[in-house]
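Here's the letter readout for the chains.
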Amino acid sequence: MNLAHARVYLGVIRAEEQRRSELLDRVDPNVGYDQWLFADAPFIGELCLVFLVALRHHVERQLLHFAARAADQGQPISRGQYEARVDELENMKPSKLRSTIEARLAVSGRLHYRAVEALRLLANAYKHNARKEPPSGLLAHLGLNTALTYAELPESHELRKGLAGIVGLPDDAGHCQIAAGFVERVEAFLEDVQVHGRLSNVIMGRVVSLTDFAH
């Protein structure tokens, strides 16, 4: 995923949300309300959660590659050095990788880090506990009451409100609006990391074309 593709994919989800909404305009309001509340809204919520997991993976990949270029005070490095550092980072345990990235890039001090950390907690919750209530770590990060019992991730209205708030949106923001808010904050966060990270340029060397070997 890159962020341009992310916005296109989000547009597809929005189109499906609009299609379902227009279909409900043609049925009895009571039937339409139940259909939206118990079927359509959770389905759109699920699509947006999958989207946000993919967005978090994009952040992880970008930070890993930034960290591979952040160990030389901005001095150029060779392609071999860069690739070796990427391999080293990819083979670290998750906790060690996070601490290394923090040491090299100081991500916790960057613009919109709180929203990006919420994205990490949400993605982990969805991947490892998707059919249960949101975990306490995510709830606490969003400022929600950890003593309460919440609906499943795609269906929880309170979770949606918490996610809306962390990206600067009102409580009634929809799933697609919230997802778009996270895209904007991820983009600003990654730009801030790049600006302040003193990243080295990678000297790639000559790129060999397959036509060099044609007879």
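Reading the values: rules and limits
Residues numbered from 1 in each chain as written. Predicted model: local features only at pLDDT ≥ 70, side-chain atom pairs only at ≥ 80, totals over all residues. Heavy atoms only, no water. Salt bridge = Lys/Arg side-chain N within 4 Å of Asp/Glu carboxyl O. Helix = DSSP H or I, 4+ residues; strand = E, 2+ residues; numbered from the N terminus. Buried < 20%, exposed > 50% of the residue type's maximum accessible area, 1.4 Å probe, protein only. Axes fitted to C-alpha atoms, helices over the stretch in contact; angles between N-to-C directions. Parallel < 35°, antiparallel > 145°, perpendicular 65-115°, else oblique. Left-handed = near helix turned anticlockwise from the far one by under 90°. Contact = heavy atoms within 4.5 Å. Nonpolar A, V, L, I, M, F, W, Y, C, P; charged D, E, K, R; others polar. Phe/Tyr/Trp six-rings, centres within 6.5 Å; stacked < 30°, edge-to-face > 60°. Expected span 1.5 Å × (residues − 1). Bend = angle between axes of the 7 residues up to and from the residue. Polar contact = N/O pair within 3.5 Å; in protein donor to acceptor, adjacent residues only side chain to side chain. Core = buried A, V, L, I, M, F, W, Y, C linked by side-chain atoms within 4.5 Å.

Now for the pattern of salt bridges. Under the definition given, this model contains 10 salt bridges. Across the pair E83 and R79 runs a salt bridge whose closest N-O atoms are separated by 3.1 Å. Taken together, the positions of E83 and R79, both in helix α3 (residues 79-90) and four residues apart, correspond to about one turn of that helix. On the accessibility criterion, E83 (39% relative accessible area) is partly exposed.

So, about the packing of helix α2 (residues 29-68) against helix α5 (residues 113-129). Interaxial distance between α2 and α5 falls to 9 Å at its minimum, and their mutual angle equals 120 degrees. Taken together, the axes of α2 and α5 lie oblique to each other. Regarding α2 and α5, the two cross each other, and that crossing is left-handed. Residue-level inspection shows E46, L49, V50, L52, V53, L55, R56, H57 and V59 of α2 in contact with α5, the latter providing V116, L119, R120, L122, A123, Y126 and K127. Looking at the contact of α2 with α5 residue by residue, the class counts come to 11 nonpolar, one polar and four charged.

As a further point, take the packing of aromatic side chains. Taken as a whole and assessed by the stated rule, the structure comprises one aromatic pair. Between Y9 and F51, the aromatic rings sit 5.9 Å apart at their centres with planes inclined by 5 degrees, giving stacked as the arrangement. Taken as a pair, Y9 in helix α1 (residues 3-24) and F51 in helix α2 lie far apart in primary sequence, 42 residues in all.

Our next topic: unusual backbone geometry. Phi angles above zero are rare outside glycine, and A106 is one such case at about 50 degrees. Tracing the sequence through the fold places A106 in the loop between α4 (94-105) and α5. A positive phi angle, close to 65 degrees, is found at H112, a residue other than glycine. Among the secondary structure elements, H112 is positioned in the loop between α4 and α5.

In a regular helix each residue adds 1.5 Å, so 40 residues correspond to 58 Å; α2 covers 56 Å between its end C-alpha atoms and thus fits that length. Maximum bend of α2: about 45 degrees, positioned at W36. Between the side-chain oxygen at the start of α2 and the backbone nitrogen of N30 there is a gap of 2.9 Å, and the oxygen is on D28.

Quick look at the nonpolar core now. Ranked by internal contacts, the top residues of the largest apolar core, which has 59 residues, are L63, L105 and F182. At the level of secondary structure, the elements contributing two or more residues to this core comprise α1, α2, α3, α4, α5, α6 (136-141), α7 (157-166) and α8 (175-196). It is α2 that provides the largest number of residues to this core, a total of 13 residues. With near-sequence residues (within four places) excluded, L105 lies in contact with L63, F66, A67, A70, R110, V193, G197 and L199.

Looking now at α5. Between the first and last C-alpha of α5 there are 23 Å, a value that for 17 residues agrees with the 24 Å anticipated at 1.5 Å per step. Within α5, burial applies to A115, V116, E117, A118, L119, R120, L121, L122, A123, A125 and Y126. Turning to α5, the residues buried within the fold contact α2, α4, α6, α7 and α8.

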